[in-house]
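Residue-level structural notes
Here is what each chain is made of, one letter per residue.
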Amino acid sequence: MFLKQNLWAGCLLGLLLTGCASQPAPQVSRPLPATEREQALDAMTEYKVVAALGVKAPGENVSGTLNWQQHGEYYQASMTNFLGLTVFELETHQQGATVKVDGQTHQAMSAGALLDYLSGWSLPIEEMQLWLKGLPGPSSENLQRDGMGRLTSFTLTDSRDRQWQVSYSDFFPDAKSLPRKMQLQSGDTRLKLVIREWQP
């Protein structure tokens, strides 16, 4: 009897330990303090983002999947449509920016200039490495924060001197509280991003 009780006790303890070990680690529900969080976000210089992107502009309505890779001060970006076909491939480098679209390669001094030339409308892409992470830029004004110190909206003036309203409606539940959903609007042009994943 004593042996059976020990066996049952051992089995029960093993099940409890296994159950505890298999439980996922609890997610962080509260972000770092505002100053510490923004310092951590500012220190992020190497990362990848996969997001659903929608752009609505006069005479233009584009949607698809955006892949963004940040490498220090430079980045690579590509967009595919719902069929999986590549819409564009963009890369910035020391000499400026290069974009491949419709089988042709175009170069300019900046990504913003390329977008203006190819699409006829501008996006604040030069500032994207900041607002993508939920950080304001040097030109940002009217900063609004929630109770946790996270930026929920601000206005920025892009490299083409165009003003944008930036707003964040959802964040990932981690210590950095990286943005999950955001919208940018300037006049009749609106950009929506729903980030599916951040990768270090």
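Here the structure is shown first, and the text comes after it.
An account of the accompanying structure is given in this report. (Residues numbered from 1 in each chain as written. Predicted model: local features only at pLDDT ≥ 70, side-chain atom pairs only at ≥ 80, totals over all residues. Heavy atoms only, no water.)

Here the focus is the overall build of the chain. Scanning the chain from terminus to terminus reveals 4 helices and 11 strands. Across the 200 residues that make up the chain, the buried fraction comes to 36%. Surface exposure of the chain reaches about 11,900 Å², of which carbon and sulfur atoms provide 54%. (Helix = DSSP H or I, 4+ residues; strand = E, 2+ residues; numbered from the N terminus. Buried < 20%, exposed > 50% of the residue type's maximum accessible area, 1.4 Å probe, protein only. Areas by Shrake-Rupley, 256 points an atom, 1.4 Å probe, with all protein chains shown as cover.)

The antiparallel open sheet is built from 11 strands, whose spatial order is β6-β5-β4-β3-β2-β1-β11-β10-β9-β8-β7. Every other strand in the sheet has two partners, leaving β6 (104-108) and β7 (141-145) as the edge strands with one partner each. Going from strand to strand, the sheet's axes swing by 20 degrees on average, the running direction of each strand aside. Sheet topology note: the strand β5 (residues 96-101)/β6 ladder contains 5 bridges and is antiparallel. Counted as the bridge partner of Val99 is His106 from β6. (Pairing = 2+ DSSP bridges. Axes fitted to C-alpha atoms, helices over the stretch in contact; angles between N-to-C directions.)

Before going further, it helps to spend a moment on a nonpolar patch on the surface. Taken together, Phe82, Leu83 and Leu85 make up a surface patch of nonpolar side chains, about 400 Å² in accessible area. Tracing the backbone shows Leu83 in the loop between β3 (74-80) and β4 (86-93). Given a relative accessible area of 59%, Leu83 falls into the exposed group. (Patch = residues over 30% accessible without salt bridge, like charges linked within 9 Å, V, L, I, M, F, W, Y side chains within 5 Å. Salt bridge = Lys/Arg side-chain N within 4 Å of Asp/Glu carboxyl O.)

Per the counting criterion, the structure on display carries 3 salt bridges. Two residues, Arg145 and Glu38, come together in a salt bridge whose shortest N-O distance is 2.7 Å. Pair noted here: Arg145 is in strand β7 and Glu38 is in helix α2 (residues 34-42), with a separation of 107 residues, a long-range link. On the accessibility criterion, Arg145 (39% relative accessible area) is partly exposed. The salt bridge partner of Arg150 is Asp146, with a shortest N-O separation of 2.8 Å. Take Arg150: its relative accessible area is 16%, and that puts it in the buried class. In this structure Asp146 comes out as partly exposed when scored by relative accessible area, which is 25%.

Grouped together as the largest cluster of nonpolar side chains are 40 residues, with contacts concentrated most on Trp68, Leu90, Trp131, Leu132, Leu193 and Trp198. In terms of residue count, the dominant contributor to this core is strand β1 (residues 46-57) (5 residues). For Leu193, the contacting residues outside a window of four places in its chain are Ala51, Ala52, Leu53, Leu66, Met128, Trp131, Leu132, Arg180, Lys181 and Met182. (Core = buried A, V, L, I, M, F, W, Y, C linked by side-chain atoms within 4.5 Å. Contact = heavy atoms within 4.5 Å.)

Below, the discussion takes up the packing of aromatic side chains. What the rule picks out here adds up to 4 aromatic pairs. Between the aromatic rings of Trp68 and Tyr75, the centroid separation amounts to 4.3 Å while the plane-to-plane angle is 20 degrees, which identifies the pairing as stacked. Comparing Trp68 with Tyr75, the two get one shared label, buried. (Phe/Tyr/Trp six-rings, centres within 6.5 Å; stacked < 30°, edge-to-face > 60°.)

So yeah, pure geometry; function would need other evidence.
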